[in-house]
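Single-letter residue listing:
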Amino acid sequence: MRKKELKLVVTFHTTADAMAMEKACKVRQVPGRLIPVPRAISAGCGLSWCSDIEEQEKLLGIMQEIEIEREAIHECMV
Amino acid sequence: MNLSDSKKKLALAGVLSGLVAVCLAVFGNPVNMAFCIACFVRDTAGALGLHQAEVVQYARPEIIGLVLGAFIISVVTKEYRSTAGSAPMIRFVLGMILVIGSLIFLGCPLRMVIRMSAGDLNAWVALIGFILGVGTGVIALKKGFSLGRAYVIHKLNGGIFPALMLGILLLALFTSLLKASESGPGSMHAPLILSLIGGLIFGAVAQKSRMCFAGSIRDVILMKNFDLLTVIASLFVVMLIFNLASGRFVLGFNTPGIIAHSEHLWNILGMYAVGFAAVLAGGCPLRQLILAGQGSSDSAVTVLGMFAGAAVSHNFGLASSGTSLNPETGELVAGAVTSYGKIALIICIAVCFVIAFTNKREGAKS
């Protein structure tokens, strides 16, 4: 079983925004993956973007560039 | 208790839900329909007089309990969030499609799994359609499908739908205004208080575990994440054990008495529409009730669409009939999908495609 690590989790207002984030990160070769929004963060069932903590600045830059409004950024065990 | 921080706890949530379904089946709910969201919404719509099919009219306390259970647990755990504003009329139409598709197949995704656990091969055939429908929805998501974001609104709004459900419960308890079937599936039910408690428990567990039949398959296809599927799988196992132990497991097609038919193409297409619409609406019929309970007015509108879909299905003869035995001759009478039902289902699938590929994320850049 994979061991849980402290990760950066970005949540969005819509699933489409999360999918757009995945696409943009792939194009820019920023590591990370789509995950269901962790239950500890929300009772919703949307998607979120999970990356290493140190990628925060890059992620903020990408979101600004492709005009995605994030809901929140969390650090949590994933 | 956090029911979702490990697969074991998610499995426990499925087991608890399965046990609730088992209890309801034992204490009087229709055989093989222990807990079905579409059927119970249809019955409740009948009780309110939204359709006139006399054999399927009963205000199902399970539906009321699901919404109130989700409402109470979300308030207690401070997860209640009143939101609205994401394409309400499209969601209303998707709600209609969820129930029209379900009543062509004769069951929502929850009942599909319950029927699968009882050996009904028609439900296994329908599962193919459901997976394909969810898969089509996932393609739409990848193409940028979005109904737009919801906004936080005054907290009173999110409480209106649970209050309406409470109103139906009070009418059922203290008046004779609601219609109630004297024969047929609507007349078969567990005692009111037991159904209500079952609904409350199921609703609370579903809220904590985020149980969703469409979401479970969506997550597997999209992210290879099996968390939500764990809940469904464990519910299936509990029901399978119950059916095997109680002699209710009958493997085959055309089994009389279980309210099902064997028109394979239409079973597949019925659940295809349900899977597709569920991904577009952001959750299966069960999940819509839970989200409505925890404050989403968008989901409440979807549920109102489900009630309208139920009314349309029975007022216009869209709902299928189940295979049965002729009581006089003892001959098997095959269940069937109606011509109007077939036409309506094709329209529903076409509408899903229009919604899926015309509603895109605004200002999409990459």
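Everything discussed here concerns the structure shown above.
Below is a short write-up of the structure. The structure presented is a predicted model; accordingly, all values stated were derived computationally and were not measured.

### Some details on the overall build of chain B
Tallying secondary structure elements over chain B gives 14 helices and four strands in all. Computed over C-alpha atoms, the radius of gyration of chain B comes to 19 Å, within 12% of the 21 Å expected from 2.2 N^0.38 for 366 residues, which places it in the range of a compact globule. Structurally, chain B occupies a C-alpha span of about 65 × 40 × 40 Å along its principal axes. Within chain B, the fraction of its 366 residues that count as buried is 57%. Counted over contacts in chain B with a minimum sequence separation of 6, partners at least 24 positions apart contribute 83%.

### Structural notes on helix H4 (residues 88-105) of chain B
Because an α-helix completes one turn every 3.6 residues, residues spaced three or four positions apart along the sequence face the same direction. An ideal rise of 1.5 Å per residue puts 26 Å on 18 residues; H4 of chain B measures up with 26 Å between its terminal C-alpha atoms. Of all the 18 residues making up H4 of chain B, 15 are buried; the element is thus mostly covered by neighbouring parts of the structure.

### Details of the interface of chain B and chain A
Contacts between the two partners involve 28 residues from chain B, matched on the other side by 19 residues from chain A. Of all the secondary structure elements, the ones that give two or more residues to the side of chain B that touches chain A are helix H6 (121-142) and helix H9 (213-223) of chain B. Ranked by the residues each element gives to the side of chain B that touches chain A, the list is headed by H9 of chain B, at four residues. Partitioning the side of chain B that touches chain A into residue classes produces six nonpolar, 13 polar and nine charged.

### Describing the pairing of strand S3 (residues 47-51) of chain A
Residue and element names in this part refer to chain A. Among the five residues of S3, five are classified as buried, and the element is accordingly described as predominantly covered. Of the two faces of S3, both are covered, the one formed by Leu47, Trp49 and Ser51 as well as the one formed by Ser48 and Cys50. Relative to S3, strand S1 (residues 6-12) runs antiparallel, the two sharing four bridges. Bridge pairing in S3 places Val10 opposite Trp49. Sheet topology places strand S2 (residues 33-36) next to S3; four bridges connect them, and they run antiparallel. Following the sheet pairing, Pro36 is matched in S3 by Leu47.

Scoring rules and cut-offs
Residues numbered from 1 in each chain as written. Chains lettered and ligands numbered in written order. Predicted model: local features only at pLDDT ≥ 70, side-chain atom pairs only at ≥ 80, totals over all residues. Helix = DSSP H or I, 4+ residues; strand = E, 2+ residues; numbered from the N terminus. Rg over C-alpha atoms; globule rule 2.2 N^0.38 Å. Buried ≥ 20, exposed ≤ 12 C-beta atoms within 10 Å, placed from the backbone. Contact = placed C-beta atoms within 7 Å. Expected span 1.5 Å × (residues − 1). Nonpolar A, V, L, I, M, F, W, Y, C, P; charged D, E, K, R; others polar. Pairing = 2+ DSSP bridges.

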